[in-house]
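Working through the structure, step by step
Now for the letters of each chain:
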Amino acid sequence: MGFREKLLVCATIESETKEEMVKSMEIAKEEGADLVELCMESIPNISDVELVLKQRTLPAIVSFRQNSQKFLCKGDTKHKCLQVLRLAVELDVEFVEIDLELASNMIHEVMQKRENSKIIVSSYVKCGIHSKEKLGNLLICLQSTGADIVKLVTEVAYITDVAPVFHVLTHSQVPVIVRAVGDRGLISQLLGPKYGAFMVSGSLGGKSIPGLPPLLSIKNIYKLDNVDVDTKVFGVVSNPVGHSKGPLLHNPAFRYCGYNGIYVPLLVDNIKEFLRVYSCTDFAGFSIGLPHKEAAVACCDEVDPLAKSIGAVNTIVRRPADGKLVGYNTDCDACITAIEDALRERQVSNGEVPNVSPIAGRLFVLVGAGGAGRALAFGARSKGARVVIFNRNFERGESLARAVSGEALPINHLDAFCPESGMILANCSAIGMEPDVHLTPVSKENLRSYDLVFDAVYTPRNTRLLQEAVEIGVTVVSGVEMFIRQALGQFKLFTNGLAPEDFMRKVVLEQF
Ligand SMILES: O=C1C[C@@](O)(C(=O)O)C[C@@H](O)[C@@H]1O
């Protein structure tokens, strides 16, 4: 059911002192919140609660949660909860939230006494398997209290546990607020508006609360007010996923093209299970990140021949005609063309005539044999390079080397490896990625035997490896260039051909 005219964006405020809470309200206002949820369980005394409520500058939900870690004694909790809720009603606060388990006996009293306050009756569901029937029954129980609004807060162990929450959201007869707690629950807020949520919650500025998107990204990146029932869902399936810049790039690109889509981070533990649960046509396409690129191959109904030979899929599209999942690999083309373009540019500036592929015949030194490494190995081989692979797990490196008629060598031989000049170095391992930015796979001096250095790591943008290569005059290709190109390839597949390249490049330069 739809209860929304304009989506309400609520800033959840969990502060320990009244001063902090008042300050947070100011920040919430600056960041564009429509209202604030003031979680009062951590404010020590009732006079402070009163002060905060009187000083509020935005409409507020007053809540008091029993599951907070901070409680010592259940008796005290209940007493204080009742005091806070009574006070909120007396002060005519816009929304007063009553926890069904903690204060069910208060609901009647509060309903009687309230003047303008809207009453939210909420329930907190601990981790476990929540079927849609179980959550549905709980919703009916919450509705039967006569609440103006009901609220379900569920702990989730896996992203697939959020699916029944969407079901409840779609089928509720009264306005419902949902929140799946924890990192894996983030999509309950980001996709809530698609399923009819009239309100979503976010966290403030620097304060991250697991499962809540920052307010600023709700407003500026996802623009959730534009999300509706027809919005197609895309996302990056990865673990970890927080580092991905995909949402920063794909969401503005959808808007630029007038395409009704949203692109969200999907923290997935088991890709097969994820695709089984989110199998409706509205989940239209995915970028596949670490560590799922190889497992993704077996999850697709069809796999493009290049991705099949690489053994890694980084893009899945649900074919609109028949709903089948089709897998592709846009990493390979992205990095090989980026390397070729950089080498050609270098040759042109050296006055040389560009040949078919400037990679042909060269020794291509690859670090890492994961999904991205495999893409590069096959790509380089197909362009006529000789591939040498260094991987921490030697057997894995060896098996990739066999597949591309190359050679695998122990990782501790990498630094001093220098059989010839004019080589290409490609780092496809996580060496140098945040937070280990001080690491590099090959020392500065030994980079001199390379004509080009490529680093798939894009956080940070300028890795130590790239910095040192530039310092000694070696041509570099950054992970950002590969990121743009693979994302462009994905965007074309997601949208059946749209490719706003200049715009996407501009976004990357501005935002990264
Ligand atoms: O390697 C990457 C990066 C990525 O995982 C991301 O973090 O956005 C998305 C993948 O599709 C791509 O192949």
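Residues numbered from 1 in each chain as written. Predicted model: local features only at pLDDT ≥ 70, side-chain atom pairs only at ≥ 80, totals over all residues. Heavy atoms only, no water.

This paragraph deals with the side chain of Lys80. One can find Lys80 in helix H3 (residues 74–90). A distance of 2.4 Å separates the side chain of Lys80 from the backbone oxygen of Ile43, its partner in a polar contact. When near neighbours in sequence (up to four residues on either side) are disregarded, Lys80 contacts Met40, Glu41, Ile43, Pro44 and Phe64. (Helix = DSSP H or I, 4+ residues; strand = E, 2+ residues; numbered from the N terminus. Polar contact = N/O pair within 3.5 Å; in protein donor to acceptor, adjacent residues only side chain to side chain. Contact = heavy atoms within 4.5 Å.)

Taken domain by domain, the protein chain comprises domain 1 (8–229), domain 2 (254–329 + 485–511) and domain 3 (332–477). Summarising the inter-unit geometry, the C-alpha centres of domain 2 and domain 3 are found 26 Å apart. Counting from both sides, the interface comprises 12 residues of domain 2 and, opposite them, 12 residues of domain 3. Buried area between domain 2 and domain 3, both sides added, is near 970 Å², and the carbon and sulfur share of it is 54%. When residues of domain 2 are sorted by the area they lose upon contact with domain 3, Glu294, Ile310 and Arg485 head the list and together hold 53% of the total. (Domains from an automatic or database assignment. Buried area = accessible area lost by both parts, 1.4 Å probe.)

The next point concerns the sheet that holds strand S8 (residues 199–202). If you walk across this open sheet you meet the eight strands as S7-S6-S5-S4-S3-S2-S1-S8, and the pairing is parallel. Looking at the sheet topology across the chains shown, the edges are occupied by strand S7 (176–181) and S8. On average, each strand axis in the sheet is inclined to that of its neighbour by 25°, with strand direction left out of account. Two elements, strand S1 (residues 8–13) and strand S2 (residues 35–39), share four bridges in a ladder whose sense is parallel. Counterpart to Thr12 in the pairing with S2 is Glu37. Packing of helix H6 (residues 132–143) onto the sheet brings it into contact with strand S5 (118–125), strand S6 (149–155) and S7, and relative to S6 it is tilted by some 145°. (Pairing = 2+ DSSP bridges. Axes fitted to C-alpha atoms, helices over the stretch in contact; angles between N-to-C directions.)

This paragraph deals with the nonpolar core. Counting 94 residues, the largest nonpolar core has Leu38 and Met40 as its most contacted members. Two domains each donate at least three residues to this core, and these are domain 1 (8–229) and domain 2 (254–329 + 485–511). What Leu38 contacts, discounting residues up to four positions off in sequence, is Ile13, Met21, Met25, Val52, Leu53, Ala60, Ile61, Val62 and Ser63. One finds Ile339, Leu376, Phe378 and Val477 within the second-largest nonpolar core, a separate group that totals 35 residues. (Core = buried A, V, L, I, M, F, W, Y, C linked by side-chain atoms within 4.5 Å. Buried < 20%, exposed > 50% of the residue type's maximum accessible area, 1.4 Å probe, protein only.)

On to the pairing of strand S3 (residues 60–63), then. Side chains Ala60 and Val62 of S3 all project onto a buried face; the interleaved residues Ile61 and Ser63 project onto the opposite face, where all are buried too. Summarising the sheet, S2 and S3 pair through four bridges and their orientation is parallel. Bridge assignment links Cys39 to a residue of S3, and that residue is Ser63. Once the chain exits S2 it traverses helix H2 (residues 46–54) before rejoining the sheet at S3, and the crossover so formed is right-handed. Relative to strand S4 (residues 95–99), S3 runs parallel, the two being bridged by two bridges. Residue pairing across strands places Val62 opposite Val96, the latter belonging to S4. (Right-handed = clockwise from strand over helix to strand, strands pointing away.)

This brings us to the sheet that holds strand S12 (residues 302–303). Overall, mixed pairing links the six strands, which are arranged S10-S9-S11-S13-S14-S12 in an open sheet. Every interior strand has two partners, whereas the edge strands, strand S10 (261–267) and S12, have only one. The pairing of strand S13 (residues 315–318) with strand S14 (residues 325–328) spans four bridges and is antiparallel. If you follow Thr315 over to S14, its bridge partner there is Tyr328. Helix H10 (residues 246–257) rests against strand S9 (232–238), S10 and strand S11 (283–288) of the sheet, and its axis sits at about 165° to S10.

Residues in close proximity to the ligand total 13 residues, the closest being Ser244, Lys293, Asn314, Asp331 and Gln490. Asn314 places a polar side-chain atom, nitrogen or oxygen, 2.9 Å from an oxygen atom of the ligand. Between the ligand and Gln486 there is a distance of 3.4 Å, counted from an oxygen atom to a side-chain nitrogen or oxygen. Calculation on the ligand without its partners gives an accessible area of 320 Å², and the protein chains cover 90% of this total. (Near = heavy atom within 4 Å. Areas by Shrake-Rupley, 256 points an atom, 1.4 Å probe, with all protein chains shown as cover.)

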